[in-house]
Every structure is written in structure tokens, then in C-alpha cells.
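# Architecture and fold: a report
Residue strings, one per chain:
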Amino acid sequence: MAAGATYEPIATTTASGSVSFVTFSSISASYTDLILVTNCGCVSGAAALAVQMGTGSLDTATNYSTTWLSGNGTNAASGRVTSNSYLYIDARVVLPLSVTANAIIQFQNYKNTTTYKTILSRYNDAAGETVAGVGLWRSTGAINTIKIYNDNSNNFVSGSTFTLYGIAAA
Amino acid sequence: MANTYTLIEAKTLTTSTASITFSSIPATFTDLLLRISARNTSTGGDCVITFNGSSSSYTNKILTGNGAAASSTAGSITGLDSELVPSSYTASTFSNSDVYIPNYLSTSNYKAVSTDTVSENNAATAYADFLAGLWAATPAAITSITCTPNANNFAQYSTFYLYGIKNS
């Protein structure tokens with residue numbers, strides 16, 4: 001990929017003190033794809049990294065499914081969750097207690113209004129697991145809001161970073 | 001809005017080479033992305049990636065698929081591993097790796113790295129690797145990155161592109 005003007009930061013947040021979630025709202029429709037990058041940890045590890053999205057408001061209904069391939073250093077595994085109320089990003093493992101996990105989450109063709117949305121994700125915690133996942137949001141609505149959080153209502157640790165980038169095809 | 005996906009430096013090998021280093025990485029970005037297309041000059045040896053000249057405090061979890069089975073390994077290692085196509089593989093095939101390093105300037109957090117690697121071959125066993133890496137040395141900004149085969153050399157025509165990504 002040649003260096004170009006199509007990989008642009010839309011918004012970024014660094015947790016100052018622990019925060020329970022980060023929401024990107026009013027996402028511009030100027031791009032083709034979105035990439036969300038986080039470098040994070042959680043104040044209590046008993047939580048999985050989760051994502052919801054929506055059009056205007058977050059969809060909290062059971063319209064999400066995720067299939068993943070994961071490795072914990074001993075075993076390789078694959079799992080899936082269907083008709084869930086959010087996407088799993090980390091195969092339901094526990095998050096680290098410091099800012100030592102990262103995830104790269106790609107939302108393809110996010111603004112189209114004719115197809116359901118497919119999400120590719122990579123999650124990495126060298127003390128936990130590495131995960132490759134694919135997600136589906138069963139909605140034809142354009143994505144203009146995204147929430148990242150954990151599914152046990154625990155907070156992200158201070159210093160966790162979250163950045164949303166826009167990728168334009170032209 | 002500013003262009004935030006910028007090529008810092010490109011290296012294309014004109015002869016077999018023992019290692020390459022990106023030195024004096026600018027402190028003007030948020031994340032780094034290293035894209036590697038490489039091949040080993042002999043029958044074995046992966047690419048080992050190290051930061052700031054350090055060969056300690058690295059750990060990883062690797063998920064590997066070889067077309068027949070999936071497996072996972074872990075280790076405390078001297079650098080982060082990236083697959084390299086050996087010379088026994090089909091001629092002109094090179095491995096392909098993306099190495100993503102968020103918050104490389106942080107002086108308070110260890111560096112958590114994401115690596116995706118493939119070594120397709122259209123013949124003998126090939127591999128796809130997903131790696132979670134951590135460099136848990138005393139937190140310091142990454143100012144240099146070195147790639148070294150753990151055996152033999154990088155082959156001619158191997159390429160290494162380092163990009164900077166900025167969040168503002």
C-alpha cells in the first residue's frame with residue numbers, strides 16, 4: 001500500500017483513569033472501510049473484549065455472531081457464538097490487567113445499506129491468547145456508531161488507547 | 001486531514017544479507033507497521049525481530065495452521081518470530097508478514113505486538129501464523145528495529161517496509 005491520504009484518524013481516546021467503555025459516534029461516511037486499533041488492559045481480567053455498532057444508536061439486540069480461531073500457547077481451538085448481543089473480539093478469554101493487549105478490528109464496507117456487515121479482527125495478549133476472528137452484524141444499516149467495552153462491566157485501565165481510522169477506496 | 005500512513009523507510013536486498021536494521025525511527029507517529037516479504041537462503045531459519053538492540057524480555061503466543069492441522073506454541077524468546085520461506089520451497093516464493101506495533105513511543109507500557117505471517121508454497125507444507133508478542137523490557141520508546149534470520153541469511157529480493165501511523 002503506497003503512502004496516501006486515505007488512512008486517516010477519525011477519533012482517538014486515551015483512558016485517563018479507568019473507563020468502562022469507549023464510543024465512537026457520528027462516524028463520517030467519507031470512507032470505505034474502518035479500522036479500530038486498541039492497546040488496552042482491564043482492571044479485572046474477568047472480562048472479554050466486546051463490540052457493538054449501530055445506525056444512529058447502538059444495536060443491543062441479538063444480531064451479532066462471531067467465529068474465531070485461537071491459540072493459547074498450548075492448544076489451538078475454534079469457537080463461535082451466534083445470535084449474541086455483541087461481537088466477541090478475544091474468544092472470551094480474560095483481558096490482561098495492564099496495557100499489554102492489542103486488537104485490530106476491520107469493518108468492511110461499513111456504510112453500505114444493502115448488505116449485512118462483516119468484521120475481521122485480531123486480538124493479541126502474549127500472556128493469554130492470540131485470536132483471529134470474523135464477525136457479522138445482521139443489519140443493512142450504515143455503521144455510524146461503534147462501542148468497544150468488555151462484557152463483564154469492568155473498566156479499561158488508565159493508559160488504554162483506542163483509535164478509529166477511515167480507509168477510503170478513492 | 002493529515003496523511004497519517006507514511007512510509008518511513010524501505011529496504012530491498014540486492015544480495016543475500018545477514019540482517020537489516022531500521023535505525024533512528026522518528027518519534028512522530030503513534031503506531032508502526034513493518035511489512036516483510038522475505039526468503040531464507042538455506043533450508044531453515046525464521047526471521048527474528050528485535051527492538052532497540054535488545055535480545056531479552058520477549059514472550060509470545062503463536063497460532064499456526066499448516067493446511068492439515070492447527071497448533072499453538074509459546075515461549076520466552078530472544079525476539080519475535082516471523083515465518084521465512086526456506087530455499088527448499090518453490091523458487092521465487094517469499095513469506096509475507098505484517099508486524100503491527102501500537103504505541104511504540106510509550107515509556108510506561110510494555111510493547112504489545114501483533115504479527116500475521118504466511119508462507120504459501122504450492123508444494124510442500126506451508127504455514128499461516130498469528131502471533132501475539134510482548135516486549136517486556138523496561139518501557140522505552142522503540143527507536144530501532146532489527147530483523148535477523150535465526151539461521152542463514154535473507155535472500156536477495158527480500159523487502160522490508162516500515163510505515164508510521166499517526167492517530168492525529
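Residues numbered from 1 in each chain as written. Chains lettered and ligands numbered in written order. Predicted model: local features only at pLDDT ≥ 70, side-chain atom pairs only at ≥ 80, totals over all residues.

Along chain B, the regular secondary structure elements total zero helices and 12 strands. Helices and strands appear in chain B in the N-to-C order β-β-β-β-β-β-β-β-β-β-β-β. A compact globule built from 168 residues should have a C-alpha radius of gyration of about 15 Å, and chain B, at 16 Å, falls within 12% of that. Projected onto its principal axes, the C-alpha positions of chain B cover 45 × 35 × 30 Å. Per-residue burial for chain B yields a buried fraction of 43% across its 168 residues. Restricting the contact set of chain B to residue pairs at least 6 apart, pairs at least 24 apart contribute 76%. (Helix = DSSP H or I, 4+ residues; strand = E, 2+ residues; numbered from the N terminus. Rg over C-alpha atoms; globule rule 2.2 N^0.38 Å. Buried ≥ 20, exposed ≤ 12 C-beta atoms within 10 Å, placed from the backbone. Contact = placed C-beta atoms within 7 Å.)

Turning next to the overall build of chain A. Helix and strand content of chain A: zero helices and 13 strands. Starting at the N terminus and ending at the C terminus, chain A contains elements arranged as β-β-β-β-β-β-β-β-β-β-β-β-β. Taking 2.2 N^0.38 as the reference for a compact globule, 170 residues should give roughly 15 Å; the C-alpha atoms of chain A span a radius of gyration of 15 Å, in line with that estimate. The C-alpha extent of chain A, read off along each of the three principal axes, is 40 × 35 × 35 Å. For chain A, the residues scored as buried account for 48% of the 170 residues in total.

So, about the sheet that holds strand β4 (residues 47-51) of chain B. Residue and element names in this part refer to chain B. In spatial order, the strands read β2-β11-β4-β7; together these four strands make up an open sheet with antiparallel pairing. The open sheet has two free edges, formed respectively by β2 (20-22) and β7 (80-82), since each of these has just one partner strand. Strand after strand, the sheet turns through a mean of 25° between neighbouring axes, direction not considered. Where β4 meets strand β11 (residues 145-149), five bridges bridge the pair, whose relative direction is antiparallel. Among the inter-strand pairings, V48 is bridged to a residue of β11, identified as T148. (Pairing = 2+ DSSP bridges. Axes fitted to C-alpha atoms, helices over the stretch in contact; angles between N-to-C directions.)

Turning our attention to the nonpolar core. Membership of the largest hydrophobic core comes to 93 residues, with the highest contact counts inside it found for A50, V51, L87, I89 and I146 of chain A together with I145 of chain B. With near-sequence residues (within four places) excluded, I89 of chain A lies in contact with L49, A50, V51, A103, I105, S121, Y123 and G133 of chain A. (Core = buried A, V, L, I, M, F, W, Y, C linked by C-beta atoms within 7 Å.)

A few words on the environment of F94 of chain B. Mapped onto the secondary structure, F94 of chain B falls in the loop between β7 and β8 (95-101). In this structure, F94 of chain B is in contact with S37, A38, R39, V85 and S158 of chain B, ignoring residues within four places of it in sequence.

As a further point, take the sheet that holds strand β10 (residues 128-135) of chain B. All names here are of chain B. Strand order in the open sheet made by the eight strands is β1-β12-β3-β8-β9-β10-β5-β6, with antiparallel pairing throughout. At either margin of the open sheet sits one strand with a lone partner, and together these are β1 (5-12) and β6 (70-77). Averaged over all pairs of adjacent strands, the angle between their axes in this sheet comes to 15°, without regard to strand direction. Pairing of strand β3 (residues 31-38) with strand β12 (residues 159-165), which is carried by seven bridges, proceeds in the antiparallel orientation. Each bridged residue has a counterpart across the sheet, and for L32 the counterpart in β12 is G164.

Residues and elements named next belong to chain A. A positive phi angle is found at S83, which is not glycine, with a value near 45°. Mapped onto the secondary structure, S83 falls in strand β7 (residues 76-84). Of note, S153 is a non-glycine position whose phi angle comes to about 60°, a positive value. We classify S153 as exposed; it has 10 C-beta atoms within 10 Å.

Attention now goes to the interface of chain B and chain A. Between chain B and chain A, the residue contacts involve 34 residues of the former and 32 residues of the latter. Of all elements in the fold, only β1, β5 (58-65), β6, β9 (111-118) and β10 of chain B reach the threshold of two or more residues within the side of chain B that touches chain A.

To continue, consider the environment of D151 of chain A. Residue and element names in this part refer to chain A. Inspection of the secondary structure assignment puts D151 in the loop between β12 (145-150) and β13 (161-167). A tally of 16 C-beta atoms within 10 Å means that D151 is categorised as partly exposed. When the C-alpha positions of D151 and S83 are compared, they lie 15 Å apart, and in sequence the two are 68 residues distant. In this view, D151 contacts A47, A48, A50 and Y86; residues no more than four positions away in its chain are not counted.

The next point concerns the pairing of strand β11 (residues 130-137) of chain A. If a strand is regular, its side chains alternate between the two faces of the sheet. Residue and element names in this part refer to chain A. By the criterion of burial, β11 is predominantly enclosed, with six of the eight residues buried. As paired elements, strand β10 (residues 117-125) and β11 share eight bridges and run antiparallel to each other. In the strand pairing of β11, N124 is matched with T130. With antiparallel pairing between neighbouring strands as the criterion, β10 and β11 make up a hairpin whose turn holds four residues.

A few words on the environment of S108 of chain B. For S108 of chain B, the location among the structural elements is in the loop between β8 and β9. With 30 residues separating them in the primary sequence, S108 of chain B and T138 of chain B have C-alpha atoms 8.4 Å apart.

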